[in-house]
Amino acid sequence: MTDLATAPAPAAGTTTGPVRGRGLSAVVWPIFGLAVAIGVWWACTEIFAINTVVLPSPPEVIDGFRRYAEYLLTETWHTTYATVLGFLLSVLVGVLIGTAIAAWRPFERMFSPLLVAFNAVPKVALAPLMLIWFGYGQTPVLAMAFMVCFFPIVLSTATGLTSTPSDLAELARSMDASRLQTFARVRLPAALPQIFVGLKVAMPLAVIGVVVGEMQYGESGLGTIIVQTSGQGDTATAFAAIMLLALISIVLYYLLVVIERLLLPWVRATTSQR
């Protein structure tokens, strides 16, 4: 029997196999899932002879994109810009409010019920009022995106900052760290994984908020295109705009995932992976 102490160590390059396999599967499986979804969609339109106005087939959607490619890409940029700007505004305000809730108990008791009540109000119900307040244009679109996605950021920030591991908090106290030092070096780093959970929940919601705003009172963007083309019976172009919205959500979400992995490399090293 081979002695474990004298057994040859594995080659340095052998660990790259599983890593490459995971990276490849991360690309292959989503593409496979997309292909299955498109195949089922295409088959349904062919088998049941669904009218194009009701549900266009994938080739018809591609044709709708080709007919208005330049216009659609321009409006995609407008929607993406509004989404990112509304998301950043919600991050700024949400993190500040969440920090205040975690730092000062009276603030939490005063405003937490109001935040919950505000989040429970259907944002579409505020559309007529927002039209009176802001008129048409980008301002009400950004306001709608902000209202839709800032609450998860507030909640995740407050939860993360109030869930600091007790041993870390005790270590900071034993070293006579000030409240500011404890926040900057202990509480905030420990809360970042939870904060990023809220950010990843809020990012797709920002896209939804922008589209709702564009449909109601926007002058540009993919939401406006969807309303216009649907009213004209051009469902293929409307679906092309919807596909571009899905692409925006995917790209922005995974960009946030990459940022999280770059900023928090220790999270993956200290948590179990499937």
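In the nomenclature of an unreviewed UniProt entry, the chain is known as Binding-protein-dependent transport system inner membrane protein of Actinoplanes friuliensis DSM 7358. Turning to the chain, the UniProt annotation filed under Subcellular location (unreviewed entry) states: "Cell membrane". According to UniProt, the comment filed for the chain under the heading Sequence similarities (unreviewed entry) is "Belongs to the binding-protein-dependent transport system permease family."

For the chain, the helix and strand inventory stands at 11 helices and 0 strands. Counting from the amino terminus, helix and strand elements in the chain follow one another as α-α-α-α-α-α-α-α-α-α-α. In the chain, buried positions account for 34% of the 274 residues. Taking as baseline every contact in the chain between residues at least 6 positions apart, the subset at least 24 positions apart corresponds to 73%.

Looking now at the UniProt feature "transmembrane region" (unreviewed entry) in the chain. Sites flagged by UniProt as "transmembrane region" (unreviewed entry) map to residues 27-50, 81-104, 116-136, 142-169, 190-212 and 238-259. Between the C-alpha atoms that bound residues 27-50 the distance is 32 Å, and the span itself is 88% helix and 0% strand. From the first C-alpha to the last, residues 238-259 spans 32 Å; its make-up is 100% helix and 0% strand.

Tracing the backbone through its elements, the reader meets T162 in the loop between α6 (138-161) and α7 (166-174). Residues T162 and R187, spaced 25 residues apart in sequence, show a C-alpha to C-alpha distance of 8.1 Å. A distance of 3.2 Å separates the side chain of T162 from the backbone oxygen of T159, its partner in a polar contact.

Calculation criteria
- Residues numbered from 1 in each chain as written.
- Predicted model: local features only at pLDDT ≥ 70, side-chain atom pairs only at ≥ 80, totals over all residues.
- Heavy atoms only, no water.
- UniProt positions renumbered as here; feature names shortened; annotations may be inferred.
- Helix = DSSP H or I, 4+ residues; strand = E, 2+ residues; numbered from the N terminus.
- Buried < 20%, exposed > 50% of the residue type's maximum accessible area, 1.4 Å probe, protein only.
- Contact = heavy atoms within 4.5 Å.
- Polar contact = N/O pair within 3.5 Å; in protein donor to acceptor, adjacent residues only side chain to side chain.

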